[in-house]
Amino acid sequence: MAEDIWILGIHMTKFGKHPDQDTVDLAAEAVVGALADGGVTMRDMGVLAAGNLMGGGGLGQPLQKQVGQTGIPVYNVANACATGATALRTAVMALKAGECDMGLAVGVEKLAGAGLLAGSSRAQDSDTWTPHGRFGEVAATDGRIGTSTMPGVFAQIGMEYGHRYGGVDFELFARISEKNHAHSTLNPLASYQKRFSLEEIMGDVMIAYPNTRPMCSANCDGAAAAVVVTDAKLKTLSLEQQRRAVKIAASVLTTDPYEEACQVLPNVNTLTRNAAQIAYEQAGIGPEDLDLVELHDCFATAELVHYDNLGLCEEGGAADFFRSGATWRDGRMPVNVSGGLESKGHPIAATGIANIWEVCHHLRGEAGDRQIEGAKVGLAHVIGLGQACGVHILERSAA
Amino acid sequence: MPERIPLVDYLVLDPEPRLVAHQCTACGARFFDRRNACAACGGTTFHPAEIATTGEVRAFTIVSLAAPGVPVPFVAAVIDCSGTSVRGNLINVDPDPEHVTLGMKVALATYVVGTDTHGTEAIGFGFEPLEGARHG
């Protein structure tokens with residue numbers, strides 16, 4: 001077993017609208033914050049993994065030109081909504097491989113006002129029908145053969161769970177959103193900190209049944225960055241740095257293995273189950289040991305299925321598990337106490353580090369009003385459609 | 001009768017409309033797109049497999065916000081056609097949760113997507129409720 005890797009410093013920007021900051025500005029703010037939080041500088045970093053999806057690729061080098069050109073290798077990372085987790089994992093792998101003893105991962109996105117991110121445009125039909133593409137289509141298929149929109153895809157994922165196990169309806173999904181919006185009122189970095197009543201959520205604009213607007217992740221700007229360090233290097237640092245360091249007890253990335261139907265409707269379940277199982281084995285714990293979970297609630301319909309996929313409940317028992325109140329911040333398994341993607345926001349490439357920032361804050365006892373008291377172990381999960389799943393399990397330092 | 005062309009190549013119009021998948025000769029996995037190899041087993045030989053024209057709704061959503069030019073609302077669904085999952089819209093049904101339910105039985109149906117400058121009709125497919133389904 002390779003040596004343990006720790007998070008030494010971590011930072012997230014305020015999520016929301018940042019009209020005066022570009023992608024590099026936001027990434028630089030996160031990086032400078034993470035370095036300061038860890039008490040180190042760019043000179044200490046041996047690798048940089050830079051995640052960004054919408055900026056056209058190649059974030060890392062422009063970022064270095066603002067925060068420190070030290071000649072270290074840059075890995076520009078893109079892996080859909082799992083980009084941030086993939087960047088972190090890239091830095092972790094470099095440390096585990098023994099290439100360096102400290103590294104930096106950053107994820108950033110400018111998404112405020114972006115609207116639908118897939119299925120947001122459809123080509124005009126041609127004036128002569130000519131087959132093209134992998135389906136030999138003569139005209140656009142989005143809206144004619146199902147939907148490409150994310151709210152629609154994830155709506156079906158939640159409904160499929162309901163079909164398989166029962167006990168699921170529009171109100172249940174809306175109540176999940178009610179929980180996350182309520183949680184967000186304690187998070188000053190969330191895009192939205194507004195509590196919605198169940199009636200307001202169910203009565204809001206329908207996007208893709210059963211997901212209304214507040215049940216969808218909020219497009220926003222934001223960045224998050226983390227400094228990672230090897231166990232051996234950490235032992236040479238100050239006691240304060242060792243005390244605040246958070247152990248990465250598991251770092252896992254999976255893709256979706258072939259199953260019937262997986263190319264018809266994205267299967268976000270099996271790869272999450274696989275990632276969770278590997279992560280629990282790596283960390284030597286079970287889901288019952290978790291004090292809090294930040295999972296990928298890109299839509300209210302997604303949160304439900306991941307209770308099950310992460311093993312937080314019995315198979316098929318996600319609806320009852322939620323109805324028990326377990327996932328509220330005062331429940332036995334608090335989920336998305338940050339407000340989740342529905343209210344904290346979802347600046348895609350930042351999300352997979354921002355959720356780790358949230359967990360680290362609780363493990364360090366620095367989460368202020370929303371602190372989960374005595375938190376020792378937490379899990380952060382992201383899903384990128386396509387698919388990629390990142391799961392990290394984090395443990396409080398014993399120092 | 002005007003010339004007709006299917007919206008996608010896995011929709012076969014004659015003699016009766018049906019969907020035809022590429023089935024891996026080695027492992028039986030079915031795919032609707034042009035294949036390089038089998039995602040399940042890596043096999044590279046495929047044969048055509050006709051998909052059952054009736055099935056059961058396994059998942060659906062009613063899309064109210066879509067790209068400009070996409071008429072809304074519409075029902076997007078996954079249909080279990082005797083063990084093969086198919087993506088398609090539910091058509092000839094009111095797009096609301098009172099009329100669309102999980103587990104409802106549906107049948108393949110076709111419609112005219114549009115006509116090009118040569119007068120050729122593009123034919124699309126969807127699934128309509130089996131009870132009261134229109135035939136012919």
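A short tour of the structure in this document, coming up. (Residues numbered from 1 in each chain as written. Chains lettered and ligands numbered in written order. Predicted model: local features only at pLDDT ≥ 70, side-chain atom pairs only at ≥ 80, totals over all residues. Heavy atoms only, no water.)

Okay, empty space enclosed by the protein next. Residue and element names in this part refer to chain A. What the rule picks out here adds up to one cavity of 30 Å³ or more. Here the largest cavity defines a volume of roughly 50 Å³. Around the largest cavity sit 13 residues that line it, and Glu 294, Leu 295, Asn 336, Leu 341 and Asn 355 are the ones nearest its centre. Its residues placed into classes, the lining of the largest cavity shows three nonpolar, seven polar and three charged. (1 Å grid on protein atoms, 1.4 Å probe; cavity = no way out; pocket = protein on both sides within 12 Å on 5 of 7 lines; lining within 4 Å. Points joined across faces, edges and corners; volume = space filled by probe spheres on them. Nonpolar A, V, L, I, M, F, W, Y, C, P; charged D, E, K, R; others polar.)

Right, let's talk about helix α9 (residues 270-283) of chain A for a bit. Residues and elements named next belong to chain A. Over its 14 residues, α9 runs 20 Å from end to end, which matches the ideal 20 Å to within 8%, given 1.5 Å per residue. Residues Thr 270, Leu 271, Thr 272, Ala 275, Ala 276, Ala 279, Tyr 280 and Ala 283 constitute the buried set of α9. One or two positions beyond α9, positive phi appears at Gly 284, with a value near 70 degrees. (Helix = DSSP H or I, 4+ residues; strand = E, 2+ residues; numbered from the N terminus. Expected span 1.5 Å × (residues − 1). Buried < 20%, exposed > 50% of the residue type's maximum accessible area, 1.4 Å probe, protein only.)

This part covers the interface of chain A and chain B. At the interface, 41 residues of chain A touch 57 residues of chain B. Interface area, chain A with chain B, both sides summed: about 4,000 Å², of which 60% is carbon and sulfur. The three residues of chain A that bury the most area against chain B are Trp 129, Arg 134 and Ile 145 of chain A, which together make up 19% of that side's buried surface. The tally of links from chain A across to chain B stands at one salt bridge. Glu 160 of chain A is the partner of Arg 58 of chain B in a salt bridge, and the nearest nitrogen-oxygen pair spans 2.4 Å. Linking chain A to chain B there are 18 residue pairs in polar contact (both at pLDDT 80 or more). When residues of the side of chain A that touches chain B are traced back to their parent elements, those giving at least two are α4 (150-165) and β5 (206-209) of chain A. For the side of chain A that touches chain B, the leading source of residues is α4 of chain A, giving seven residues. Broken down by class, the residue content of the side of chain A that touches chain B amounts to 18 nonpolar, 15 polar and eight charged. Examined bridge by bridge, β5 of chain A and strand β6 (residues 54-63) of chain B share two bridges and lie antiparallel to one another. Each residue of the ladder has a partner; that of Tyr 209 of chain A, found in β6 of chain B, is Ile 62 of chain B. (Contact = heavy atoms within 4.5 Å. Buried area = accessible area lost by both parts, 1.4 Å probe. Salt bridge = Lys/Arg side-chain N within 4 Å of Asp/Glu carboxyl O. Polar contact = N/O pair within 3.5 Å; in protein donor to acceptor, adjacent residues only side chain to side chain. Pairing = 2+ DSSP bridges.)

All names here are of chain A. Structurally, Ile 372 is set in the loop between α13 (348-363) and β10 (377-384). Along the sequence, Ile 372 and Ala 225 sit 147 residues apart, while their C-alpha atoms lie 22 Å from each other. Non-local contacts of Ile 372, meaning those with residues more than four positions away in its chain, are made with Asp 291, Arg 329, Pro 334, Val 337 and His 362.

Functional significance is not addressed by these values, which are geometric in nature.
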